[in-house]
Amino acid sequence: MKTLIIEDETAAARNLAAILRQEEPSMEIVATLESVAESVEWLRANPQPDLLFMDIHLADGDSFRIFDAVEITAPVIFTTAYDQYALEAFKVNSIDYLLKPLNTDDVRRALAKLRRLTSTERSDYGSRVRTMAVRRREDVFLVHVRDRIIPLQREQIAFCYTFNEKVTAYGYDGTAYPLDKTLEALQALLPEAEFFRANRQFIIARRAVKEIAVWFGSRLTLHLTVETPERIVVSKARAPEFKEWLKSVHPVE
């Protein structure tokens, strides 16, 4: 059995690999990947493994984004430290998950469950995860302001910004809406075709992009149709991805 590990914590990846070597000596770990981007690139270039172990939260975003970019037909065992909403979703969809820190008994239980699956049930895992990921997209966010609850429509959001561990969504009219979600959680809930994680501070809406300028070191600086609290800079490494994203939603005539 060929297995792919997607995990951005080195210690956790090594621990899982050690458990797998102990429990399934014949299992081949074909690669250990650390990010959404790296995982998408690998899965596009290589045959699908028989099994994936996938951390929910990776360095560059929610691992559900992988399913937006690549069709995965192999069964997936998710790992998570705290993600309660995901745990509830997995229970409903009969998708297995492991709580960190991983231990031998839990991994053994998950592998035993997979052995009991029919080939049809195995191939159905990917579609169930994609369905679950789509359902997690939200059209309306409830914003709590003092004793009021304000519904914020997704299409009203020009960008989301985090500072001092507080996340705020800004409308096209400049209104600020405090949110009780992390930027990572928002990234998973906002459609990738409409929103882009520019850097650690910003998620931007494609409708809000006014112009792009080349900045120092081949980085990009973005100007939106609404004023932002600080300059939005896209790193040199992510600049090509941003340009491709922008072209995909604004095709050149």
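Keep in mind that what you see is a predicted model, and the values were worked out from it rather than measured.

Q: Give me the lowdown on unusual backbone geometry, citing residues and values where you can.
A: In this structure, the amide linkage connecting Lys-100 to the following residue, Pro-101, adopts the cis form with an omega of -5°. Summarising the element assignment, Pro-101 is placed in the loop between β7 (97-99) and α5 (104-115). Even without a glycine there, the phi angle at Asn-164 is positive, about 55°. Tracing the backbone through its elements, the reader meets Asn-164 in the loop between β10 (157-163) and β11 (166-171). In this structure, Ser-218 takes a positive phi of about 65° despite not being glycine. Looking at where Ser-218 falls in the secondary structure, it is placed in the loop between β15 (209-214) and β16 (220-224). With a relative accessible area of 43%, Ser-218 lands in the partly exposed category.

Q: An account of the layout of surface pockets is needed here, citing residue identities and associated values.
A: Roughly 680 Å³ of internal volume is contained in the largest pocket. Classifying every residue of the lining of the largest pocket gives twelve nonpolar, two polar and ten charged.

Q: Go over the packing of aromatic side chains, please, and point to the residues and values.
A: Going through the model one piece at a time under the given rule, you end up with eight aromatic pairs. With a centroid separation of 5.7 Å and an interplanar angle of 50°, the aromatic rings of Phe-159 and Phe-202 are classed as tilted. One end of the pair, Phe-159, is in strand β10; the other, Phe-202, is in strand β14 (residues 202-205), and 43 residues separate them in sequence. An identical accessibility class is assigned to Phe-159 and Phe-202; each is buried. When the ring of Phe-196 is compared with that of Trp-245, the centres are 5.2 Å apart and the planes differ by 35°; the resulting orientation is tilted.

Q: So what's going on with α5? Residues and values would help.
A: End to end, α5 covers 17 Å across twelve residues, agreeing with the expected 16 Å (1.5 Å per residue, within 8%). With a side-chain oxygen lying 3.1 Å from the backbone nitrogen of Asp-105, the N-terminal cap of α5 falls on Asn-103.

Q: Quick rundown of the pattern of salt bridges? Include the residues and the values.
A: Scanning all chains against the criterion turns up eleven salt bridges. Notably, a salt bridge pairs Glu-9 with Lys-100, separated by 3.4 Å at the nearest N-O pair. Linking Glu-9 in the loop between β1 (2-6) and α1 (10-23) with Lys-100 in the loop between β7 and α5, this pair joins segments that are 91 residues apart in sequence. Within this structure, Glu-7, Glu-9, Asp-55 and Lys-100 form a network of salt bridges that share partners.

Q: Could you give an account of the sheet that holds β16, with specific residues and numbers?
A: On the basis of which strands lie adjacent, the open sheet formed by three strands has the order β15-β16-β17 and antiparallel pairing. Strands with a single pairing partner mark the edges of an open sheet, and in this sheet they are β15 and β17 (232-234). Taken over all neighbouring pairs, the strand axes of this sheet differ in orientation by 30° on average, direction set aside. By the bridge criterion, five bridges tie β15 to β16 in an arrangement that is antiparallel. Across the sheet, Ile-212 pairs through a bridge with Leu-222, a residue of β16.

Q: Explain helix α2 (residues 36-45) to me, using residue names and the numbers behind them.
A: Looking only at α2, the buried set comprises Val-36, Ser-39, Val-40, Trp-42 and Leu-43. Projected down its long axis, α2 carries its buried residues within an arc of 165°, all on one side. Facing away from the buried surface of α2 by more than 90 degrees, the exposed residues are Glu-41, Arg-44 and Ala-45. Contacts made by the buried residues of α2 are with β1, β2 (28-33), β4 (57-58), β5 (61-62) and α3 (64-69). The backbone nitrogen of Glu-38 has a side-chain oxygen 3.0 Å away, supplied by the residue at the start of α2, namely Ser-35.

Q: Residue-level account of the side chain of Asn-199, with values.
A: Structurally, Asn-199 can be placed in the loop between β13 (195-197) and β14. Accessibility expressed as a relative area gives 18% for Asn-199, which makes it buried. At a separation of 2.9 Å, a polar atom in the side chain of Asn-199 contacts the main-chain amide nitrogen of Phe-202. Among the polar contacts made by the side chain of Asn-199, one reaches the main-chain carbonyl oxygen of Val-233 at a distance of 2.9 Å. Residue contacts for Asn-199: discarding those within four places in its chain leaves Ile-232 and Val-233.

Cut-offs used in this document
- Residues numbered from 1 in each chain as written.
- Predicted model: local features only at pLDDT ≥ 70, side-chain atom pairs only at ≥ 80, totals over all residues.
- Heavy atoms only, no water.
- Helix = DSSP H or I, 4+ residues; strand = E, 2+ residues; numbered from the N terminus.
- Buried < 20%, exposed > 50% of the residue type's maximum accessible area, 1.4 Å probe, protein only.
- 1 Å grid on protein atoms, 1.4 Å probe; cavity = no way out; pocket = protein on both sides within 12 Å on 5 of 7 lines; lining within 4 Å.
- Points joined across faces, edges and corners; volume = space filled by probe spheres on them.
- Nonpolar A, V, L, I, M, F, W, Y, C, P; charged D, E, K, R; others polar.
- Phe/Tyr/Trp six-rings, centres within 6.5 Å; stacked < 30°, edge-to-face > 60°.
- Expected span 1.5 Å × (residues − 1).
- Polar contact = N/O pair within 3.5 Å; in protein donor to acceptor, adjacent residues only side chain to side chain.
- Salt bridge = Lys/Arg side-chain N within 4 Å of Asp/Glu carboxyl O.
- Pairing = 2+ DSSP bridges.
- Axes fitted to C-alpha atoms, helices over the stretch in contact; angles between N-to-C directions.
- Arc of directions from axis to C-beta.
- Contact = heavy atoms within 4.5 Å.

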